[in-house]
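These are the residues of each chain, in order.
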Amino acid sequence: MTKPPRCGSVSRRTFVTGIGAGMALLGLPGFPNPARARVPPPTTLTGENFSLQVDQRAVNLTGQPRNAISVNGSIPGPILHWREGQTVTLNVLNQLDKNTSIHWYGIRVPNPMNGVPGLNFSGIRPGENFRYRFKVKQSGTYWYHSHSGFQRQQGLYGAIVIDPAGGDPVTYDRDYVVLLSDWSDESPQQIYSNLKKDGHYYNRRRHRTTTDLWRDVRAKGIEQTWRERHPWNFAGMSDRDVSDVTGYTYSYLINGQTPEDNWTALFAPGEIVRLRFINASAMTIFDLRIPDLDMTVVSADGQNIQPVRVDEFRLGTGETYDVVVKPSGDRAYTLFAQAIDRGGYARGTLTPAQNLSAEVPPMDPIPILDKRDMGFIRAGGARAADRQPTAEEQNAKLAPAGLGSNSPIVHQPTEKGHGVALRARAPQNGVDDPGVGLREHQQRHNRRILTYKDLRSLTPSLDRRQPQRELQLHLTGNPARYLWSIDGVKYKNATPILLAYGERLRITLVNDTLLTQPMHLHGLWSELETGDGEYLPRKHTVMVQPGAKISYLVNADNRGRWALHCQMLYRTYGIFREVRVV
């Protein structure tokens, strides 16, 4: 049964829809009303049976009317509020004139319920209804989206919140979903077409100006400036290639509202507020902070972690982080999520009164890549080899669980040609790297930045087995031609990765590109190797820094055909592999 959202109460542990406009529209007192709500806000649906209708609707986010794809008429779609242990049934009716689908992101489901056309089912045809039904075996913050074409870019996404079956280790008084996304008035087909013609089409600030050069010479001298610039000039690349689709076409949204609309959440003095951050964007990595307010991260990708106090964190496409904050009772705070390339930001407000808002901070400087991001700085050990390793070489003397890979970096013979522009010769482990643009924030701004190394599961690792083998995969591409692949091979030409049911293996991803690649594994947990094998954090999405590597352990405990792919929408169909657990 579907119940209306519990929006009116402000008592402890009340679940709030997170959409101030929705509350105001419902006529509930005490909730903010944004100046202009251009799209209907999502409702919250609870219970065990859900009806979701996918349809087109008109929107106007930028002053230009456009068509988008909604779920039950809203963008984002309704928040699905479940409880661990429930069996949920979701009837999805397709009112579009093309096939659609819904993938339950990070949710452990039986293979036929995963929602990827071509792997798990054929998709939902126009006018048809598809019934998803599965038992909910986890708790936390997740989301859902279409896995058909570019429909995620057009608005088909929404949040999932799952209450734990037992007690919740996180204490809070209010609970808000903060779903980040990116919107363009251009059609996604046009964006992709522009990228195929020129991979740098939307990165209009990739070239340094004479003013930039003069500033560097004055600050660093001619010799150092030359040393820093030479590798990039030699390779014909730009050290500002941090994002391929930018604010040149995007508006950045919080819960479907633009910075101008200013999504607003209320708190009462003395309350602890839980904020569930979800990056549902198509192509944007966000750096998120709340100036003057400490954040304590309590959950990563829906899984409880040991609390970590931070001032800022990077949220890769597909990732979720839950944070708790205790704001002072007499002032407002800005939720500030700037895009990684600093081409724009999403903005919201946390406030004790609807008429109070806070200053929007200036964006940080444009991130500049360095030699580490090209994978050229050797951290010790051998350089990458250009040959096929034997199985014995790959699996001999594997590092203990939790420590990450110590295996040699080996580029496959297929990693050559016009589709591969760069190969990392000596990639470092990116687990303790906050990422380009954030590395000097502690010194410059006194901000503590979250890194993957800070993540430790709240409870001990469930599986203490050592990895039985290691699989090394290279994320490859040529951004100028907008060609993407794994090991130099496109998905359509690749063979599936086979995992034996019950085995425990290490997957090491090596990023041979200059762009951060958020990688999502369906159906199986990725136990991120952060250096402590006793408390491995479980994730469904792992960011791989440019020119770096990262490792995680996988238990092949869910049979079927799964996807391993880059979560950046326009790179997905190149950086994609089918994973079969047999």
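Everything here concerns the structure above.
Here's a quick rundown of the structure. Each chain carries its own residue numbering, running from 1 in the direction its sequence is written. It should be noted that, the model being predicted, local features are given only for residues of pLDDT at least 70 and side-chain atom pairs only at 80 or more, the latter also being counted only at that level, while totals for whole chains, interfaces and linings use all residues. The side-chain values count all of the structure's non-hydrogen atoms but skip hydrogen atoms and water molecules.

Turning to the overall build of the chain, a few remarks are in order. Broken down by element type, the chain carries 5 helices and 33 strands. Partly exposed residues are those whose accessible area sits between 20% and 50% of the maximum for their type, while under 20% is buried and over 50% is exposed, using a 1.4 Å probe and protein chains only. Taken over 582 residues, the chain has a buried fraction of 61%. Contact between two residues is taken to exist if any of their heavy atoms lie within 4.5 Å; hydrogens are not considered. Considering only residue pairs separated by 6 or more positions, the chain has 77% of its internal contacts joining residues 24 or more positions apart. Put simply, the chain shows about 22000 Å² of open surface, and 50% of that area lies on carbon and sulfur atoms. In this text, helices come from DSSP runs of H or I with a minimum length of four residues, and strands from runs of E with a minimum of two, each type numbered from the N-terminal end. Each accessible area is a Shrake-Rupley result for a 1.4 Å probe, and residues are judged covered by the shown protein chains and nothing else.

The mixed open sheet is built from 5 strands, whose spatial order is S2-S5-S10-S9-S7. The strands lining the two open edges of the sheet, one partner per strand, are strand S2 (44-46) and strand S7 (103-105). Geometrically, the sheet is characterised by an average inter-axis angle of 25° between neighbouring strands, direction not taken into account. The criterion for strand pairing is that DSSP finds at least two bridges linking the strands in question. Note: S2 against strand S5 (residues 79-83), 3 bridges, orientation parallel. Residue pairing for S5: threonine 46 is matched across the bridge by histidine 81. Note on geometry: axes are lines fitted to C-alpha atoms, helical ones only across the stretch in contact, with angles between N-to-C directions running from 0 to 180 degrees.

Quick look at the nonpolar core now. Of all hydrophobic cores here, the largest spans 87 residues; its most connected members are Phe313 and Tyr570. Per element, the largest residue contribution to this core is 4 residues, and it comes from strand S20 (residues 333-339). Judged by nonpolar contacts, the second largest core, of 28 residues, contains Leu45, Val92, Leu96 and Val109. By nonpolar core is meant a set of buried Ala, Val, Leu, Ile, Met, Phe, Trp, Tyr and Cys residues that side-chain atoms within 4.5 Å join together.

The strand order across the open sheet formed by 5 strands is S13-S21-S20-S15-S18, and the pairing between neighbours is mixed. With one partner strand each, in any of the chains shown, strand S13 (263-266) and strand S18 (312-315) form the two edges of the open sheet. Averaged over neighbouring strand pairs, the angle between their axes works out to 20° when direction is ignored. Pairing between strand S15 (residues 286-289) and S18: 4 bridges, direction antiparallel. Looking across to S18, one finds that arginine 289 is bridged to glutamate 312.

As for its placement among the helices and strands, arginine 372 is situated in the loop between strand S21 (345-351) and helix H4 (391-395). By relative accessible area, which is 30% here, arginine 372 ends up partly exposed. Along the sequence, arginine 372 and glutamine 428 sit 56 residues apart, while their C-alpha atoms lie 7.9 Å from each other.

Moving on, we come to unusual backbone geometry. With an omega of 0°, the peptide bond between isoleucine 75 and proline 76 qualifies as cis. In this model, aspartate 292 sits at a positive phi of 70°, which is unusual for a non-glycine residue. Among the structural elements, aspartate 292 can be located in the loop between S15 and strand S16 (295-300). What makes aspartate 292 exposed here is its relative accessible area of 64%.

Note that threonine 530 resides in the loop between strand S28 (526-528) and strand S29 (538-539). Take threonine 530: its relative accessible area is 4%, and that puts it in the buried class.

For Phe, Tyr and Trp, where Trp contributes only its six-membered ring, two rings pair if their centres lie within 6.5 Å, and the inter-plane angle classes them as stacked under 30 degrees, edge-to-face over 60, or tilted in between. If you walk through the whole model with that rule in mind, you get 24 aromatic pairs. Ring pairs connect the aromatic residues Phe50, Trp82, Trp104, Phe121, Phe130, Tyr132, Phe134 and Tyr144, which therefore count as one cluster. Charge over a ring is defined by NZ of Lys or CZ of Arg lying within 6 Å of the ring centre and within 35 degrees of the ring normal. One residue, arginine 331, lies across the ring of tyrosine 333, its end atom 4.2 Å from the ring centre. Above the face of the tyrosine 501 ring, arginine 559 is positioned so that its terminal group lies 3.9 Å from the ring centre.

The complete set of buried residues in helix H2 (residues 188-197) reads Pro188, Ile191, Asn194 and Leu195. Relative to the axis of H2, the buried residues are bounded by an arc of 120° and lie together on one face. Against the buried residues of H2 lie strand S11 (174-184). Summarising the geometry, the arc corresponds to the directions from the helix axis toward the C-beta atoms.

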